[in-house]
Amino acid sequence: MHILFLVPYPPGKAPSQRFRFEQYLHFLTEAGHTYQLESFISEETWAILYKPGHTLTKALGILGGFLRRFLLLFSVPKADFVFIHREASPIGPPIFEWIIAKLLGKRIIYDFDDAIWIPNTSAANSIVAGVKWHHKVGSICRWAYKVSCGNSYLRDYARQFNPNAIVNPTTIDTVNLHNEVKNQQTDQLVIGWTGTHSTMKYLEQVVPVLAELEQRYQFEFRVISNQEPQLPLRSLGFRPWRKDTEIADLLTFNVGLMPLEDDPWAKGKCAFKALQYMALGVPALVSPVGMNSEVVTEGVDGYICATPEQWYHGLEKLLRDHELRTRFGQAARATIEARFSVLANRDNFLALFA
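Residues numbered from 1 in each chain as written. Predicted model: local features only at pLDDT ≥ 70, side-chain atom pairs only at ≥ 80, totals over all residues. Heavy atoms only, no water.

Trainee: Can you tell me about the sheet that holds strand 6 (residues 165–167), naming the residues and giving the values?
Mentor: The strand order across the open sheet formed by six strands is 2-1-3-4-5-6, and the pairing between neighbours is parallel. Two strands close off the open sheet at either side, each with one partner strand: strand 2 (34–39) and strand 6. For this sheet the average axis-to-axis angle between neighbouring strands, irrespective of direction, equals 20 degrees. The pairing of strand 3 (residues 81–85) with strand 4 (residues 107–112) spans five bridges and is classified as parallel. Pairing of Ile-84 across the sheet is with Tyr-110, part of strand 4. Contacts from helix 5 (residues 95–103) reach strand 1 (2–7), strand 3 and strand 4, with the element oriented near 145 degrees to strand 4. Across the face of the sheet, helix 6 (residues 136–143) comes into contact with strand 4 and strand 5 (146–149) while running at roughly 140 degrees to strand 4. (Pairing = 2+ DSSP bridges. Helix = DSSP H or I, 4+ residues; strand = E, 2+ residues; numbered from the N terminus. Axes fitted to C-alpha atoms, helices over the stretch in contact; angles between N-to-C directions. Contact = heavy atoms within 4.5 Å.)

Trainee: I'd like to hear about empty space enclosed by the protein, residue by residue, with values.
Mentor: Taking a probe equal in size to a water molecule and rolling it over the atoms shows the remaining empty space. Taken as a whole and judged by the stated rule, the model has one cavity of 30 Å³ or more. There is about 30 Å³ of room inside the largest cavity. For the largest cavity, the full set of lining residues is Trp-193, Thr-199, Tyr-202, Met-258, Pro-259, Leu-260 and Lys-273. Its residues assigned to classes, the lining of the largest cavity shows five nonpolar, one polar and one charged. (1 Å grid on protein atoms, 1.4 Å probe; cavity = no way out; pocket = protein on both sides within 12 Å on 5 of 7 lines; lining within 4 Å. Points joined across faces, edges and corners; volume = space filled by probe spheres on them. Nonpolar A, V, L, I, M, F, W, Y, C, P; charged D, E, K, R; others polar.)

Trainee: Kindly report on a nonpolar patch on the surface, identifying the contributing residues and their values.
Mentor: Among the surface-exposed residues, Leu-67, Phe-70, Leu-71 and Phe-74 lie close enough to one another that they form a single nonpolar patch of about 460 Å² accessible area. Of note, Phe-74 is situated in the loop between helix 4 (55–72) and strand 3. Residue class for Phe-74 comes out exposed when judged on its relative accessible area of 64%. (Patch = residues over 30% accessible without salt bridge, like charges linked within 9 Å, V, L, I, M, F, W, Y side chains within 5 Å. Areas by Shrake-Rupley, 256 points an atom, 1.4 Å probe, with all protein chains shown as cover. Salt bridge = Lys/Arg side-chain N within 4 Å of Asp/Glu carboxyl O. Buried < 20%, exposed > 50% of the residue type's maximum accessible area, 1.4 Å probe, protein only.)

Structure, rendered in structure tokens:
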């Protein structure tokens, strides 16, 4: 079969693309299939997409994306499946999806790993907030042959429109990428968090806990992100996110945090931060929101924290006991290998094209 992938961003750039389907592409080739990957955003536009300003350059980049999508329609007839990640175009109605499904009669595999039907546009790109057309998600689900969803909350939404919606979890490549395990007997203790500027707001709930802990214990609270945080913590350290040092930077963590607020947008989160920590043998402390409670087992490979007291006591136990960190880390790695690795999910992914 020939599979056409319509994706928002250039290959190898966005985590949602890297960890949802790009790491499976070689399996398609091994199975005798061919594929074509077409991004809406160019490399040049991607470089400034999430930076404030650059309004004219962004607008020209979007227009260029629409032109490429229009020209691509002439290639669609030779595809057996069209895999659409999130949307064919980031703004406007689902015109391309309608043409592909209704006029060209192609089987769409529609994939998403966030509650993208809910408006959640960043301040840096507020200019496009009014034209995002979030309600198109339901229509695309209805036209799709199958819907590939990151967790059960997203699947339940999609099933309102299409019974052929399945959970295809975000997974970790434990062989080629997250293939090391943290040594927990370290002189320096690091509590870590990684994420983009858009999710940094969730750290607010753990700042008072960390401020209290740093009165009694020596540790660094290390943030890896695309933007330096401004937090009232003397333990705060920052490393800019870089793809080439991503694994080495995460391996500096002794404990990883994933706080979330219990709101409709966060319910669509697929526990990606926790998956990354755990794959490297780092215990995860998470809020009981979204997929977090499905990934972390309380008192086995991490802690599920709903109150400041639970965050404090969970962190305190792990800061004081390297053997506990080691035991939790080994169990965390086993969880990822068995349930959330590329190898464990390979057949589930390939079945999308059956």
